Amino acid sequence: MTFFALRDLVEDLRDARPTLWAGRSEGVRSTHAIDAVEVQQAVQRFVRFAPLLARLFPELQASGGRIESALFPVPQMQQALQLPEQLGRLWLKADHSLPVAGSIKARGGVHEVLEYAEQIALQHGLLADGDYLQLACDAARAMFARYQVAVGSTGNLGLSIGVMASGLGFKATVHMSADAKEWKKQRLRARGVQVVEHAGDYAQAVSAGRELADQDAHCHFVDDEHSLSLLLGYAAAAPHLVAQLAENKIAVDETHPLFVYIPCGVGGAPGGVALGLQQAFGPHVHCFFAEPVQSPCFMVEMLAGAAALPGLEAHPSVYELGLNNQTEADGLAVPRASELAANVVRGFLGGVFTVEDETLFRHLYLLKDREGLQIEPSAAAGFGGPRALLESAAGQDYLQRQKLLPHMASATHIVWTTGGLFVPDEEYARFLARGRDLSN
Ligand SMILES: *Cc1c(COP(=O)(O)O)cnc(C)c1O
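Throughout this description, residue numbers start from 1 for each chain and increase along the sequence as written. A pLDDT threshold of at least 70 governs which residues receive local features in this predicted model, and a stricter bar of 80 or more applies before side-chain atom pairs are shown or counted, although totals over entire chains, interfaces and linings include all residues. Think of the side-chain values as coming from all heavy atoms in the structure, minus any hydrogens and water.

An unreviewed UniProt entry lists the protein under the name Probable D-serine dehydratase, with Comamonas testosteroni as the source organism. UniProt positions are given in the numbering used here, feature names are shortened, and annotations may be inferred rather than shown by experiment. Quoted verbatim from the Catalytic activity (unreviewed entry) field of the UniProt record, the comment on the protein reads "D-serine = pyruvate + NH4(+)".

Next comes the structure, spelled out in structure tokens:
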């Protein structure tokens, strides 16, 4: 990026105007490599636990304990977004309907709880015969009950960890920020999860929770900002998506680029997905992370890494840019990115773009109106991606640098919808009304 382009970008960022930063600059490398074997181990862990999960969660019986989502084209939405077919086809990866957790957190959060459960069970001499169903018996549950799983969360991560941990028999504690939604607290309490409310933002809830957990050797704290296990759980989404693309006869190669637009909070979920897809498709997949204009922590992290923001320390928060981290997209209201996720994706990330809250609501409404799909505001952030890429100077520059301009007609654009299944009807009705008002 030229000095002037960068200066304009930073100005847009500070003024909370939607903007796009494109990656893959010359000489930029990831500083944390993760081997494909590690992702494969996470995939295998989900496979080993599937029979147990099918036993414990009635909603997983039909899938044999697999927690997966559909991939399908959304032509009406494509039309509504005015994305011409000459620029590729729009698909949707429906993690908003993932069972158990109702969001993409069903991947990372569930994986981390399963990894902890497996470790404890092995320590206690269980699983020697490889039969995971025995973990549903009273003796195993009594053993898990002596351990605790804790997490700090704005909502969806807490739902995923809390429901899975208590489902296995662990004590489960979720530390929530003051702005967390009431229905999420209620849903957790109904499952026997202890909910602790903290004044202040998400980061403060996390550090308070971490401190309490540190004092207890029988407590595992799920650390959203640093957890490798979470990241690997998200990355494990890739092999199934690869199979879905093949089933739909969608090629991904030099002349068939794949663009993936995925909402970003700390960056663990999109970072993990991007990692898994990078391992599958190399440079032919282009992942773009979507953030609210007031919470662009991942973009800020990418810029600070390039020493482009003078006066900002390494690993800055959005507050240091004068932004307030206020957004209706509660799953994305994060002031500081995960350094782990940033260091993993830095070398291959396509880019990061920002979206205004009003756009989230308009896209939430359009998706319901045109495709009949119900998502939460955070999950709508990806829909602005294709236009941001195609219409911004930074996006055009990226397409040119990556030699993609001649191949856009054979491109596939996947918007990853990351949550919504459990949003209560009254709350969803308010989201929808707001989106409708903004659209008319
Ligand atoms: C958590 C979440 C994300 C982003 O995940 P991070 O790991 O925080 O980046 C996106 N959408 C929804 C609905 C979420 O709950």
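Moving on from the model shown.
Some remarks on the overall build of the protein
Runs of E in the DSSP output that reach at least two residues are strands. Runs of H or I that reach at least four are helices, and both are numbered from the N terminus. The helix and strand inventory of the protein stands at 17 helices and 11 strands. Taking 22 Å as the expected radius of gyration for a compact globule of 440 residues, we find that the protein reaches 21 Å, a close match to that expectation. Across its three principal axes, the protein shows a C-alpha extent of roughly 65 × 45 × 45 Å. A separation of at least 24 residues holds for 75% of the contacts in the protein among residues at least 6 apart in sequence. Both definitions apply: the radius of gyration is a C-alpha atom measure, and the globule rule equals 2.2 Å times residues to the power 0.38. In this description, contact between two residues means that some pair of their heavy atoms is separated by no more than 4.5 Å.

Focus on the environment of V195
Along the chain, the position of V195 falls in strand β6 (residues 194-198). In this structure V195 comes out as buried when scored by relative accessible area, which is 12%. Spatially, the C-alpha atoms of V195 and G162 are 9.3 Å apart, while their sequence positions differ by 33 residues. In this structure, V195 is in contact with V174, M176, K185, L188 and R189, ignoring residues within four places of it in sequence. Per-residue accessibility, obtained with a 1.4 Å probe over protein chains only, is compared with the maximum for each type, and a residue is labelled buried under 20%, exposed over 50%, and partly exposed between these values.

What to know about the UniProt feature "modified residue: N6-(pyridoxal phosphate)lysine" (unreviewed entry) in the protein
When the UniProt feature table is mapped to this numbering, "modified residue: N6-(pyridoxal phosphate)lysine" (unreviewed entry) covers K105. Structurally, K105 can be placed in helix α4 (residues 105-123). Beyond its immediate stretch of four places on either side in the chain, K105 contacts V110, N156, L157, S160 and Y234.

Observations regarding the domain arrangement of the protein
Reported domain spans reflect what an automatic or database domain assignment gives. Here the protein is described as being made up of domain 1 (3-36 + 62-101 + 229-438) and domain 2 (104-227). Distance between the C-alpha centres of domain 1 and domain 2: 27 Å. If you look at the interface, domain 1 gives 39 residues, while domain 2 gives 30 residues. Both sides together, the interface formed by domain 1 and domain 2 hides about 2800 Å², and carbon and sulfur atoms give 57% of it. Salt bridge, as used here, is a side-chain nitrogen of Lys or Arg placed within 4 Å of a carboxyl oxygen of Asp or Glu. At the junction of domain 1 and domain 2, the tally comes to 5 salt bridges. The residue D330 makes a salt bridge to K181 at a minimum N-O spacing of 3.6 Å. Within 3.5 Å is the distance limit for a polar contact, defined as a pair of N or O atoms, with the added protein rule that one can donate a hydrogen and the other accept it, and that residues adjacent in sequence qualify only through two side-chain atoms. The interface formed by domain 1 and domain 2 includes 13 residue pairs in polar contact (both at pLDDT 80 or more). Elements with a minimum of two residues in the side of domain 1 that touches domain 2: α9 (228-235), α11 (268-281), α13 (339-345) and α17 (425-439). When two components associate, each loses some accessible surface as probed by a 1.4 Å sphere; the sum of these losses over both components is called the buried area.

Topic: the site of the ligand
When we say a residue is near a molecule or strand, we mean one of its heavy atoms is within 4 Å of it. Taken together, 16 residues form the shell around the ligand, and within it K105, N156, G265, G267 and T418 come nearest. G265 places a main-chain nitrogen or oxygen 2.7 Å from an oxygen atom of the ligand. In the model, an oxygen atom of the ligand is placed 3.2 Å from a nitrogen or oxygen of the G268 main chain. Surface burial for the ligand is 98%, taken as the share of its 380 Å² of free accessible area covered by protein chains. Here the element with the most residues in the shell around the ligand is α11; it accounts for 3 residues. Here the term charged refers only to Asp, Glu, Lys and Arg, the term nonpolar to Ala, Val, Leu, Ile, Met, Phe, Trp, Tyr, Cys and Pro, and the term polar to all other amino acids, Gly among them. Each residue belonging to the shell around the ligand can be placed in one class, and the counts come to 6 nonpolar, 8 polar and 2 charged. Surface accessibility in these figures is a Shrake-Rupley result with a 1.4 Å probe; residues are shielded only by whichever protein chains are displayed.

Re unusual backbone geometry
If you check the backbone angles, L127 has positive phi at about 70° while not being a glycine. For L127, the position within the fold is in the loop between α4 and α5 (138-144). Phi is positive for K403, which is not a glycine, with a value near 60°. Secondary-structure assignment places K403 in the loop between α16 (393-401) and β11 (412-417).

As for helix α2 (residues 36-56)
Note that an α-helix has 3.6 residues per turn; residues three or four places apart therefore point the same way. Given a helix with a known number of residues, its expected span is that number minus one, times 1.5 Å. With 21 residues, α2 ought to run about 30 Å at 1.5 Å a step, and its terminal C-alpha atoms sit 30 Å apart, in line with that. Residues of α2 that are buried: V39, A42, V43, R45, F46, F49, A50, L52, L53 and A54. Of the residues flanking the start of α2, the one acting as N-cap is D35, its side-chain oxygen 2.9 Å from the backbone nitrogen of V37.

So, α11
End to end, α11 covers 20 Å across 14 residues, agreeing with the expected 20 Å (1.5 Å per residue, within 8%). In terms of burial, α11 is largely enclosed, as 11 of its 14 residues are buried. All buried positions along α11 are accounted for by G268, A269, P270, G271, G272, V273, A274, L275, G276, L277 and F281.

A closer look at the pairing of β11
In terms of residue burial, β11 counts as a mostly covered element, since 6 of its 6 residues are buried. Residues T412, I414 and W416 line one face of β11 and the alternating positions H413, V415 and T417 line the opposite face, and both faces are buried. Relative to β11, strand β3 (residues 89-94) is paired through 6 bridges, and the arrangement is parallel. Counterpart to W91 in the pairing with β11 is I414. Whether two strands pair depends on DSSP finding at least two bridges between them.

Overview of the state of the cysteines
Disulfide assignment relies on a single distance test, namely cysteine sulfur atoms paired within 2.5 Å. Summed over the entire model, instances satisfying the criterion amount to 0 disulfides. The thiol of C264 is unpaired, and the distance to the nearest cysteine sulfur, on C297, comes to 5.6 Å.

Focus: the environment of L157
Counting through the fold element by element, L157 comes out in helix α6 (residues 156-168). Excluding residues within four positions of it along the chain, L157 makes contact with K105, G109, V151, G152, D224, L230 and Y234.

So, the pattern of salt bridges
Scanning the entire structure with this criterion turns up 19 salt bridges. Notably, a salt bridge pairs R107 with D95, separated by 2.8 Å at the nearest N-O pair. You can see R107 sitting in helix α4 and its partner D95 sitting in the loop between β3 and α4, a full 12 residues away along the chain. Among the ionic pairs, D330 bridges to K184, the shortest N-O distance being 3.4 Å. One end of the pair, D330, is in the loop between α12 (297-305) and α13; the other, K184, is in helix α7 (residues 182-190), with 146 residues separating them in the sequence. Exposure remark for D330: the relative accessible area of 13% places this residue in the buried category. One connected set of salt bridges, linked through shared partners, spans R45, R48, E115 and E118.

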